[in-house]
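# A look at the structure
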Amino acid sequence: MSSIETQTESAQYVHYHDGGGPGKRRVLTGQDAKPTFTELPRVDMRRMFSDDFASRKELAVEVGAACRDVGFFYAVNHGVDEKVLDRTFDAVKQFFELPTEVKMEVHNQKTKKFRGYEAFLEGKLDPSTRGDLKEGFLMGEDATDPEQNRPITPATAEPRNQWPTAPEAAFFRPAIYEYYNHMINFSRRMLSIFALALDLPEDYFDSISTHPMTNVRAVHYPPQDSETDVGIGAHTDFCWFTLVFQSQTKEPALEVLNANGVWVPVMPQKNTFVVNVADFLKLVTGGTWQSTVHGVRNMGGEERYSMPFFFSPNEDGVVSVLPQFRKLGGKYEDIVVGEYFQRRLDVDRTTHLDGGEGRRS
Ligand SMILES: O=C(O)CCC(=O)C(=O)O
Ligand SMILES: [Fe+2]
C-alpha cells in the first residue's frame, strides 16, 4: 500500500463501511489527484483551559480547519493526567490476559447495546476478511451503575453495562471508570471548542448533552502476520466525535483514508490523543466537516492496545443540519439521537458489506 504502488495501478477503489452501509472511493493518482492531507495536524489543546476568550477562539479556528480538511487531528496538552493513562492501559492489558471464560461471562451478545466483551474475529466490517483481528470491551452510559451518579428513570432503569464478577477481574471496573470520568470532562471541553469552531456560542450543544451517550471501548490487537487480515475494517464512527488513546507501538497501525484513496498512517505520539469527527458532526454541518474513514492493521509485530471514547448527545436529543449549513429550498429532517444510534448499532450487528470486496479492488 505504498504511494508508489498506488501510482502504478489504475481505476482502483478503496472499500469501506460508511453510515451503516458499504461505500467506496476511487484511488486518484497523477493528474486526477485532489489536494488532500498526507498527515494529521497537531493541535495544542492547552488553550482549552484559558480564561481568555480570544485564546479559546484561536484554538477553535485551528480545530475547525482540521475538522473540515482532515476530520482527524492529534490533540496535545489535553489535560488528562499521564499517570491515569498509564494505569488504564496496565489494567486493560491485564484484563485481556484473563482466562477466556472470565471474559466470556460478559460476552457482548448477551446485551441489546452490545456492551461487554467482544471475542477475536467477531467484529467483521469487511466481508473479504475472516473478521477483525481484535478483542474488545465496551461500556457506556448506564444510570444503574452507581459510579455514574445519574437519576434512574423509566427510560434508564434497565442495566446496559456488564462487568465481570470473578475476583481476579475486580481491578477492571474502577480502572475503566477512572478513564471514563476523565474522558467525560475532556469531551465537554472539546464540545465547547467544536461549538466555537462552528461560530456558535460555546454552550450551544450543552442543553442536548446533559446526559450524553458515551462509550469507552478497550481494544487489544495482536500482531498480524498476514496482509489480508485487518485489526478493524475500514469504517466511519457513528457518534458525535471520538477521542482515541493508543499504545506506543513502534510502527503505526491506525490508518486514515484521504481524498485520493491513500491510507495515511497515524503514528502513536507520546501522551497524545487522536481526535476524529464522526457521523453526527458531519450530519449537522451538512457534510462540511468530514467523518473520515479509518481502520487498523497491526503489522509491526507488537501487541497493540487502544481506548477510543465515543461521545454523542443525549439519547432523546433532537438534531438537524445547523442553520448556517442549510441550502435555500433544502429539506431537513429532525433526527432523534438515540434512534439513529440504535439503527446504526443494529446494522453493524446484523449485516456486512455486500460483494466480498476488500479494502482495495
Ligand atoms: O484502535 C484504534 O486506534 C481505532 C479504533 C476504531 O477506529 C474504533 O474502535 O472505532
Ligand atoms: Fe473508529
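Just so we're clear, the structure is a prediction, and the values are computed from it rather than from any experiment. Residue numbers here run from 1 along each chain, matching the order of that chain's written sequence. In the order they appear in the text, chains get letters beginning with A and ligands get numbers beginning with 1. Where totals are concerned, whole chains, interfaces and linings use all residues; where local detail is concerned, this predicted model gives features only for residues with pLDDT of at least 70, and gives and counts side-chain atom pairs only at 80 or more.

## Notes on the site of ligand 1
Every residue near ligand 1 is listed here: Arg217, Val219, Ile232, Asp237, Val244, Gln246, Leu254, His294, Val296, Ser306 and Pro308. In this text, helices come from DSSP runs of H or I with a minimum length of four residues, and strands from runs of E with a minimum of two, each type numbered from the N-terminal end. For the shell around ligand 1, the secondary-structure elements that each account for two or more residues are β7 (212-221), β9 (241-246), β13 (294-296) and β14 (304-314). Nearness is defined per residue: the C-beta atom, placed using the backbone, must lie within 6 Å of the molecule or strand.

## Topic: the sheet that holds strand β5 (residues 116-118)
Note on pairing: two strands pair once DSSP finds at least 2 bridges between them. Pairing is mixed in the open sheet, where eight strands are placed in the order β3-β4-β12-β9-β14-β7-β6-β5. The strands lining the two open edges of the sheet, one partner per strand, are β3 (42-44) and β5. Pairwise comparison of adjacent strand axes, ignoring direction, gives a mean angle of 25 degrees for this sheet. Of the strand pairs in this sheet, β9 and β14 are connected by six bridges, and their pairing is antiparallel. What sits directly across from Thr242, in β14, is Phe310. For helices, the fitted line uses only the C-alpha atoms of the stretch in contact; every axis is such a line through C-alpha atoms, and the angle between N-to-C directions lies from 0 to 180 degrees.

## Digging into the UniProt feature "domain: Fe2OG dioxygenase" (unreviewed entry) in the chain
UniProt positions are given in the numbering used here, feature names are shortened, and annotations may be inferred rather than shown by experiment. Feature annotation in UniProt places "domain: Fe2OG dioxygenase" (unreviewed entry) on residues 209-313, given in this structure's numbering. Secondary structure across residues 209-313 divides into 6% helix and 43% strand, with the first and last C-alpha atoms of the span separated by 5 Å.

## Side note on helix α2 (residues 53-69)
To estimate how far a helix should extend, the number of its residues minus one is multiplied by 1.5 Å. Between its first and last C-alpha atoms α2 spans 24 Å; for 17 residues at 1.5 Å apiece the expected length is 24 Å, and the two agree. Turning to α2, its buried residues are Leu59, Ala60, Val63, Ala66 and Cys67. Mapping the buried residues of α2 onto a view down its axis gives an arc of 125 degrees, with all of them on the same face. Opposite the buried face of α2, at more than 90 degrees from it, the exposed residues are Ala54 and Val61. With C-beta atoms placed from the backbone, a residue is buried if 20 or more other C-beta atoms are within 10 Å of its own, exposed if 12 or fewer are, and partly exposed between those counts. When we speak of the arc, we mean the arc of directions from the helix axis to the C-beta atoms.

## Side note on the packing of α2 against helix α5 (residues 172-197)
The N-to-C vectors of α2 and α5 enclose an angle of 80 degrees; their axes lie 8 Å apart at closest approach. Accordingly, the angle class assigned to the pair α2 and α5 is roughly perpendicular. Residue-level contacts link Arg56, Lys57, Leu59, Ala60, Val61, Val63, Gly64 and Cys67 of α2 to Ile193, Phe194, Leu196 and Ala197 of α5. Just so you know how the angles are binned, under 35 degrees is roughly parallel, over 145 roughly antiparallel, 65 to 115 roughly perpendicular, and the rest oblique. Our contact criterion uses C-beta atoms placed from the backbone: two residues qualify when those atoms are within 7 Å.

## Observations concerning the nonpolar core
Ranked by size, the top nonpolar core spans 86 residues in total, and within it Val63, Phe73, Ile193, Val216, Phe241 and Leu281 carry the most contacts. Among the elements that make up this core, the one with the highest residue count is α5 (12 residues). Setting aside residues up to four positions removed in sequence, Leu281 forms contacts with Phe194, Trp240, Phe241, Trp289 and Ser291. By definition, a nonpolar core groups buried Ala, Val, Leu, Ile, Met, Phe, Trp, Tyr and Cys residues that connect through C-beta atoms lying within 7 Å of each other.

## Details of the packing of helix α3 (residues 82-96) against α5
In contact at an axis separation of 9 Å, α3 and α5 are set at 140 degrees when each is read in the N-to-C sense. If you check the angle between α3 and α5, you find them oblique. Here the hand of the crossing between α3 and α5 comes out left-handed. Of α5, the residues touching α3 (which contributes Val84, Arg87, Thr88, Ala91 and Phe95) are Phe172, Ala175, Glu178, Tyr179 and His182. Each helix crossing is assigned a hand: it is left-handed if the near helix lies turned anticlockwise from the far helix by less than a right angle, otherwise right-handed if that turn is clockwise.

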